[in-house]
Amino acid sequence: MIRILLSSRLGDRKWTQADLARKTGIRPTTINELYHEMVDRVNLDHLDLICEALDCSLDELIVRVPNKTPRATRTINGSQKSKTDE
């Protein structure tokens, strides 16, 4: 699962979502959706702007937490994985 740590990064700086929106020019609604991790897709330019504004690297903003159960259930040739493939 991908986690967006925007709330933590803003908290570290004591910035509001509105502060970040003003600094980056990103719509407040978009900032709010990122803040609450309610997005399926992220604009790469927005990530770049946010990292620049917060003076952080991408790995400080977005992290991958391993899933409890694997979701990739196909082999490289497209067939269904068997238990012995894992």
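What counts and what doesn't
Within each chain, residue numbers correspond to sequence positions counted from 1 in written order. Reporting of local features is limited, given that this is a predicted model, to residues whose pLDDT is at least 70; pairs of side-chain atoms are given and counted only at 80 or more, and all residues count toward the totals for whole chains, interfaces and linings. With hydrogens and water stripped out, all remaining heavy atoms of the structure feed into the side-chain values. By definition, any uninterrupted DSSP run of H or I lasting at least four residues is a helix, any uninterrupted run of E lasting at least two residues is a strand, and each is numbered from the N terminus. The globule rule is 2.2 Å times the number of residues to the power 0.38, and the radius of gyration it is compared with is taken over C-alpha atoms. Note on exposure labels: buried denotes an accessible area under 20% of the residue type's maximum, exposed denotes more than 50%, and partly exposed covers the range between, all computed with a 1.4 Å probe on protein chains only. Residues count as neighbours in contact if any of their non-hydrogen atoms are within 4.5 Å of one another. To be clear on the numbers: accessible area is Shrake-Rupley with a 1.4 Å probe, and residue cover counts the displayed protein chains and nothing else. Under this rule, positive means Lys or Arg and negative means Asp or Glu; His and the chain ends count for nothing. Each charge is placed at NZ for Lys, CZ for Arg, CG for Asp and CD for Glu. Pairing of N or O atoms within 3.5 Å defines a polar contact, subject to two protein rules: one partner must be a possible hydrogen donor and the other a possible acceptor, and residues neighboring in sequence count only if both atoms are side-chain atoms. Only the stretch in contact is used when a helix axis is fitted, and all axes are lines through C-alpha atoms; the angle between N-to-C directions ranges over 0 to 180 degrees. Reported orientations rely on four angle classes, namely roughly parallel under 35 degrees, roughly antiparallel over 145, roughly perpendicular from 65 to 115, and oblique for the rest. Note on residue categories: nonpolar means Ala, Val, Leu, Ile, Met, Phe, Trp, Tyr, Cys or Pro, charged means Asp, Glu, Lys or Arg, and polar means any other residue, Gly included. Here the nonpolar core consists of buried residues drawn from Ala, Val, Leu, Ile, Met, Phe, Trp, Tyr and Cys, with membership extended through side-chain atoms lying within 4.5 Å.

Of the regular secondary structure elements, the protein holds four helices and two strands. Mapped in sequence order, the helices and strands of the protein form the string β-α-α-α-α-β. Taking 86 residues into account, the globule formula puts the C-alpha radius of gyration at 12 Å, and the protein, at 17 Å, lies well above it. Along the three orthogonal principal directions, the C-alpha set of the protein runs to about 50 × 20 × 20 Å. Here the protein holds 86 residues, and the buried ones make up 20% of them. In the protein, the share of contacts with a sequence separation of at least 24, taken over all contacts with a separation of at least 6, comes to 57%. Summing over all exposed atoms, the protein offers an accessible surface of approximately 6,600 Å²; the carbon and sulfur share of this is 50%. Each charge class in the protein was averaged separately, 14 positive and 13 negative side chains, and the resulting centres sit 6 Å apart.

With respect to the element layout, Thr24 can be found in helix α2 (residues 17-24). Taking relative accessible area as the criterion, Thr24 reaches 11% and is therefore assigned buried. A distance of 2.8 Å separates the side chain of Thr24 from the backbone oxygen of Leu20, its partner in a polar contact. Aside from chain neighbours lying at most four places away, what touches Thr24 is Ile31, Leu49, Ile50 and Ala53.

The next subject is the packing of α2 against helix α4 (residues 44-54). Between α2 and α4, whose axes approach to 10 Å, the crossing angle comes to 110°. With respect to α4, the axis of α2 lies roughly perpendicular. Across the interface between the two elements, Leu20, Lys23 and Thr24 of α2 pack against Leu49, Ile50, Ala53 and Leu54 of α4. Partitioned by chemical class, the residues of the contact of α2 with α4 number five nonpolar, one polar and one charged.

With that settled, the discussion passes to the nonpolar core. Nonpolar side chains in soluble globular proteins tend to be buried together. Judged by nonpolar contacts, the single largest core of 15 residues is most densely connected at Leu6, Leu20, Ile31, Ile50, Leu54 and Leu61. Those elements that provide at least two residues to this core are α1 (6-13), α2, α3 (28-35) and α4. At five residues, α4 tops the list of elements feeding residues into this core. Residues in contact with Ile31, not counting those within four places in the same chain, are Leu6, Gln17, Leu20, Ala21, Thr24, Ile26 and Ile50.

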